[in-house]
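Observations on the three-dimensional arrangement
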Amino acid sequence: MKVDWLFKNVTVIDGSGGPQYRADVAVTGDRIVDIAPGLDVEAHQVIEGTGKVLSPGFIDVHTHDDTNVIRIPEYLPKISQGVTTVIVGNCGISAATASIKDEVPDPMNLLGEREHFIYPTVSDYAHAVEAARPALNVGTLIGHTTLRNNHMDSLFREATAQEIAAMRAQLREGLEQGALGLSTGLAYASAYQSSTEEVMALAEELAAWKGVYTTHLRSEFEPILEALDEAFRIGRHAKVPVVVSHHKCAGAKNWGRTRETLAFFDKMRQRQDIGCDCYPYSASSSTLDLKQVTDEFDIIITWSEPHPGQAGKSLQQIADDWQMSMHDAAQQLMPAGAIYYNMDEQDVRRVMRYPVTMIGSDGLPNDPMPHPRLWGAFPRVLGHYCRDEQLFPLTTAVHKMTGLSAARFQLSQRGLVKTGYYADLVLFDPQTIRDVASFDDPQRPAEGIEAVMVNGAMSYGKDQSISGRAGRFLRRHSVE
């Protein structure tokens, strides 16, 4: 029998967290068909991999790529990092199930303009992904703020019983159509007024579908323990796993408190299923939010609708130029985007090292001056933190991007280099892999990625061009 692809003499890091080993790996169609040292098979294509690592394709569990994977199906920012699957619909905002009446509310505007929200059901979104044939696989959560937008005349109040019932019905339909779970963005003004009981009622729909509850906490600043407690209570009430999005202790007064938050994780993990994700940087990025305006750390404006010329400047500099307070300047700039230098490096390392932490980029692809995490998150973990800083072994780093993530989001037969599994694979050089994207020059592909395969199709190579588009929409419990 002749196989389609044969990776020879590779160092396999299989995504399980177990030890690496030398082997040949054969692929036929969209599957891994054999793994063994010195495979004696003929192949249409042979890749010599001595000194290189073959791992599962990286799974970016925290993205806002909802509309971009359809509009820009080559999707270089992610495939160039070795990402073969993205989870969209995070932080309470999803393009799937959204119906926009007038203006796109904040922070749904992170996902695109009004004309990009044309997927009133998960099935509509899935069909659009499959028609676009993106370079990578896509799974979606359903956003709480998206549901609120669909069924409420104002986002700045609690939902009524009737509105909650309508949201539940739409969430249930989305889960039936293959959504992975529910996400919330309770820190944002458009969801902040929702009660814990409102979210609990929605989360009740998840258990029947084995869905996951992911949350951008109500606060990542001083009240973070209370916000974590709320998230965990919602998970216990609904009897579903909880994923805390981009776990951090934000704001100078909060630095060092990951010791407390992770101790709380440890305690609550005795009672319930909890995980989190993080990105490997000590600066965050989002829309400009008046609640986060402070002189305790730098805030850089990345875009502004009324004042586009201010992009790239610090909020303090703009306020000084305009001879007004930072708060007033922020109001004048909005709607706008910002990078907040609001974290402590030791906190970032502590969270990244935590056993149940997955890696997610949280990149904002529609930002004209995006945070470098959009292009660099995964190579930064492998190069800077793993190889250079020796934060953890390479097998652990890969596990946090692959096997752990696939298990958490129940992505069937993905996340491991294993016979019979889908051939989502990355070949990289452990000595040279590194993020090149910087805050000054963020839109640059990583170095050290040799080849990326998605569903058995070679999709990206050393020449940094897209050679194939074989991504699929990944439904929960689907038989593909």
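The preceding data block contains the structure.
Throughout what follows, the structure given in this document is the object of discussion.

1. Points about the packing of aromatic side chains
One pass over the structure, following the stated rule, counts nine aromatic pairs. Ring centres of Y119 and Y125 lie 5.5 Å apart, and the angle between their planes is 80 degrees; on these two criteria the pair is classed as edge-to-face. Judged by relative accessible area, which is 7%, Y119 ranks as buried. Centroid distance Y341 to F439: 5.4 Å. Interplanar angle 50 degrees. Geometry classified as tilted. With a gap of 98 residues between them, Y341 in the loop between β16 (336–340) and α12 (345–353) and F439 in the loop between β18 (425–428) and β19 (449–454) connect regions that are remote in the sequence. Among the residues examined, Y341 registers a relative accessible area of 30% and is labelled partly exposed. Positioned over the ring face of Y422 is R31, at 3.9 Å from the centre of the ring.

2. Focus on the sheet that holds strand β7 (residues 83–88)
Ordered by their spatial adjacency, three strands build an open sheet running β6-β7-β8, and the pairing between neighbours is parallel. For this open sheet the edge positions go to β6 (58–60) and β8 (137–140), each flanked by a neighbour on one side alone. This sheet shows a mean twist of 20 degrees between the axes of neighbouring strands, independent of strand direction. In this structure, β7 lies alongside β8, joined through four bridges in parallel fashion. If you follow V86 over to β8, its bridge partner there is V138.

3. Some remarks on α12
Structurally, the α-helix is built with 3.6 residues per turn, so residues lying three or four positions apart point the same way. Every buried residue of α12 is accounted for by D347, V348, R349, V351 and M352. Its buried side turned inward, α12 meets α9 (258–269), β13 (274–278), β17 (357–359), α13 (373–388) and α14 (394–401).

4. Observations regarding the pattern of salt bridges
In the structure shown here, the tally under the stated rule is 30 salt bridges. One salt bridge in this structure joins R469 and E74, with 3.4 Å as the shortest N-O distance. One end of the pair, R469, is in the segment after β20 (457–461); the other, E74, is in the loop between α1 (68–71) and α2 (76–79), with 395 residues separating them in the sequence. Given the relative accessible area of 27%, R469 is considered partly exposed. Accessibility expressed as a relative area gives 33% for E74, which makes it partly exposed. Note that R434 is salt-bridged to E447, the shortest N-O span being 2.9 Å.

Criteria and cut-off values
Residues numbered from 1 in each chain as written. Predicted model: local features only at pLDDT ≥ 70, side-chain atom pairs only at ≥ 80, totals over all residues. Heavy atoms only, no water. Phe/Tyr/Trp six-rings, centres within 6.5 Å; stacked < 30°, edge-to-face > 60°. Buried < 20%, exposed > 50% of the residue type's maximum accessible area, 1.4 Å probe, protein only. Helix = DSSP H or I, 4+ residues; strand = E, 2+ residues; numbered from the N terminus. Lys NZ or Arg CZ within 6 Å of the ring centre and 35° of its normal. Pairing = 2+ DSSP bridges. Axes fitted to C-alpha atoms, helices over the stretch in contact; angles between N-to-C directions. Contact = heavy atoms within 4.5 Å. Salt bridge = Lys/Arg side-chain N within 4 Å of Asp/Glu carboxyl O.

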